[in-house]
Amino acid sequence: MEKNAKIYVAGHKGMVGSAIVRKLTSQGYSNIVSASSKDLDLRNQQAVHLFFQKEKPEYVFLAAAKVGGILANNNHKADFIYDNICIQTNIIHAAYKNNVKKLLFLGSSCIYPKFAQQPIKESYFLDGKLEPTNDAYAIAKIAGIKMCQSYNQQYACNFISIMPTNLYGPNDNYNLETSHVLPALIRKFHEAKTNAKPFVEIWGTGAPMREFLHVDDLADASVYLMQHYNQSEIVNIGTGTDISIADLALLIKNTIGYSGELRFDHSKPDGTPRKLLDVSYLHSLGWKHKINLKDGIASTYAMIQSLL
Ligand code: GFB
């Protein structure tokens, strides 16, 4: 990818897309195109095709998606499957039609079976039943992977797919109804401390295990693989270590300096019991994460504290 190559980052205002733009800019890429959802509805096939015909990007980072935490996924399945299938289908097909040199598609670790053997290798893809709370989102992401692989096979495209673990960092969503666990707990502990609330409510049992990757590491891996990886085989992106939700809560509690209690709300779903990615393939490709969870939470909190 040449420094003056025309690069389209779809979803440039989101947590992932904005991190990719920061990373590309810091590496000297100067010809980045983007379009806000007001100007370009990515669910509209004709609009996406006209955008590609006009802009003729050479490289595409497909980071646009409807995303959310466990409850948003469970309660809005139709939106998650419709929006994501439309967005990715339009972009991948337009990329093929307009001779894009390379496209990177962002999947998710929820594409793997609910009870996959741990740590999860790329070869476990489509090897068992999905977790029901996010199966609509997962099916959309699975369709995106298969679409990239099919276009590579039939049309000799170079469309690669990466599977990030749970992400956090700047530009995350802090709405308690729709967010993921990490930003939700930052907000809950911050507000409990500010308002001297005696307890903080944690959804589920606290037993599920999750792996967390800082979005700046994900952006670094995305640019690295865009530069160095040319296979259809999906690539897991994670840290290789996980933590229980109860321990994550304690870590965030200590970082924020809250002294009250934790209360577990068993009426809320746990979701997948564990989804630790096997990152040996990623390491063999020459990339490893740099930001550890403790530092990542501290820097994220320092950045957003005044906005909460
Ligand atoms: O991050 P999260 O919403 O999504 O929840 P998933 C992870 C775990 O944290 C679940 C628990 O067991 C939640 O019950 N949890 C505890 C909380 N307190 C809270 C809270 O206040 N808010 C939230 N949101 N969770 C998502 C998928 O699954 O992961 C998506 O739904 C996507 O499709 C994403 O793949 C990466 O890790 O369970």
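Here the structure is shown first, and the text comes after it.
Predicted model, so just to flag it, every value in this text is computed and none were measured.

Cut-offs used in this document
Residues numbered from 1 in each chain as written. Predicted model: local features only at pLDDT ≥ 70, side-chain atom pairs only at ≥ 80, totals over all residues. Heavy atoms only, no water. Phe/Tyr/Trp six-rings, centres within 6.5 Å; stacked < 30°, edge-to-face > 60°. Helix = DSSP H or I, 4+ residues; strand = E, 2+ residues; numbered from the N terminus. Buried < 20%, exposed > 50% of the residue type's maximum accessible area, 1.4 Å probe, protein only. Lys NZ or Arg CZ within 6 Å of the ring centre and 35° of its normal. 1 Å grid on protein atoms, 1.4 Å probe; cavity = no way out; pocket = protein on both sides within 12 Å on 5 of 7 lines; lining within 4 Å. Points joined across faces, edges and corners; volume = space filled by probe spheres on them. Pairing = 2+ DSSP bridges. Right-handed = clockwise from strand over helix to strand, strands pointing away. Near = heavy atom within 4 Å. Polar contact = N/O pair within 3.5 Å; in protein donor to acceptor, adjacent residues only side chain to side chain. Nonpolar A, V, L, I, M, F, W, Y, C, P; charged D, E, K, R; others polar. Salt bridge = Lys/Arg side-chain N within 4 Å of Asp/Glu carboxyl O. Core = buried A, V, L, I, M, F, W, Y, C linked by side-chain atoms within 4.5 Å. Contact = heavy atoms within 4.5 Å. Axes fitted to C-alpha atoms, helices over the stretch in contact; angles between N-to-C directions. Parallel < 35°, antiparallel > 145°, perpendicular 65-115°, else oblique. Left-handed = near helix turned anticlockwise from the far one by under 90°.

Asks: Go over the packing of aromatic side chains with me, naming the residues and quoting the values.
Replies: In this description, a pair of aromatic rings is defined by centroid distance and the angle of the planes. Under the criterion given, the structure shown has 10 aromatic pairs. Consider the rings of F80 and Y137, whose centres lie 6.0 Å apart with planes at 80°: the pair is edge-to-face. Highlighted residues: F80 in helix α4 (residues 77-97) and Y137 in helix α5 (residues 135-155), separated in sequence by 57 residues. The residues F80 and Y137 share a single accessibility class, namely buried. By way of ring pairs, the aromatic residues Y96, Y151, Y155 and F159 are connected into one cluster. The ring of F80 is capped by K66, whose NZ or CZ atom sits 5.3 Å from the centre of that ring. For K197, the ring lying beneath its charged end belongs to F199, and the centroid distance is 4.8 Å.

Asks: So what's going on with the layout of surface pockets? Residues and values would help.
Replies: Roughly 160 Å³ of internal volume is contained in the second largest pocket. Lining the second largest pocket, in full, are L176, E177, K188, E191, A192, K197, V200, E201 and W203. Elements represented by at least two residues in the lining of the second largest pocket include exactly α6 (181-194) and β7 (199-203).

Asks: Pulling in residues and values, what's your account of the pairing of strand β5 (residues 159-164)?
Replies: Burial analysis of β5 places 6 of its 6 residues in the buried class, the great majority of the element. The alternating pattern of β5 places F159, S161 and M163 on one face and I160, I162 and P164 on the opposite face, and all of these are buried. Sheet topology note: the strand β4 (residues 102-106)/β5 ladder contains 4 bridges and is parallel. The partner of L106 across the bridge, within β5, is I162. For the crossover that starts at β4, traverses α5 and ends in the parallel β5, the hand is right-handed.

Asks: Please provide a residue-by-residue account of the site of the ligand, values included.
Replies: Among the 22 residues in the neighbourhood of the ligand, the closest are listed as I70, K188, R210, P269 and D270. Within the backbone of S179, one N or O atom sits 2.9 Å away from a nitrogen atom of the ligand. W203 has a polar backbone atom sitting 2.9 Å from a nitrogen atom of the ligand. It is α6 that provides the largest number of residues to the shell around the ligand, a total of 3 residues. A per-class count over the shell around the ligand returns 10 nonpolar, 8 polar and 4 charged.

Asks: Give me the pattern of salt bridges: which residues, what numbers.
Replies: In a structure, side chains of opposite charge can pair up when their charged atoms sit close to one another. Evaluation of the coordinates by the stated rule reveals 16 salt bridges. Residue R22 pairs with D216 through a salt bridge whose shortest N-O separation is 2.7 Å. Highlighted residues: R22 in helix α1 (residues 15-26) and D216 in helix α7 (residues 215-228), separated in sequence by 194 residues. Judged by relative accessible area, which is 35%, R22 ranks as partly exposed. Judged by its relative accessible area of 28%, D216 falls in the partly exposed class. The salt bridge involving R263 is made with E261; its shortest N-O contact spans 3.8 Å. What makes R263 partly exposed here is its relative accessible area of 40%.

Asks: For the nonpolar core, give the residues involved together with the corresponding values.
Replies: Counting residues in each nonpolar core, the largest one holds 67 residues, and the members touching the most others are M1, F52, F61, I91 and I237. Beyond its immediate sequence surroundings of up to four residues, M1 is in contact with I7, L24, Y29, Y59, F61, V223, M226 and Q227. The next biggest cluster of nonpolar side chains, apart from the first, holds 22 residues, and it includes V200, Y258, L293 and I297.

Asks: Describe the sheet that holds strand β1 (residues 7-10), and please don't skip the residues or the numbers.
Replies: Here we have 6 strands laid out as an open sheet, ordered β2-β1-β3-β4-β5-β10, and parallel in their pairing. The sheet is open, and its two borders are formed by β2 (32-33) and β10 (235-237), each paired with just one other strand. In this fold α1 packs onto β1, β2, β3 (59-62) and β4, with an angle of close to 155° to the strand it touches most, β1.

Asks: So what about the side chain of D242? Which residues, and what values?
Replies: Structurally, the position occupied by D242 is in the loop between β10 and β11 (243-244). A polar contact is formed between the side chain of D242 and the side chain of R274, at a distance of 2.8 Å. Excluding anything up to four places from it in sequence, D242 contacts M209, R210, E211, R274 and L276.

Asks: Describe the packing of α1 against α7, naming the residues involved and giving the relevant values.
Replies: For any two helices packed against each other, the geometry comes down to the angle between their axes and how far apart the axes lie. Axis separation between α1 and α7 bottoms out at 8 Å; the angle between their running directions is 60°. By the criterion of interaxial angle, the relationship of α1 to α7 is oblique. In this structure, α1 meets α7 at a crossing whose hand is right-handed. Contacts between α1 and α7 involve M15, V16, A19, I20, R22, K23 and L24 from the first element and V215, D216, L218, A219, D220, S222 and V223 from the second. Among the residues making up the contact of α1 with α7, the classes are represented as 9 nonpolar, 1 polar and 4 charged.

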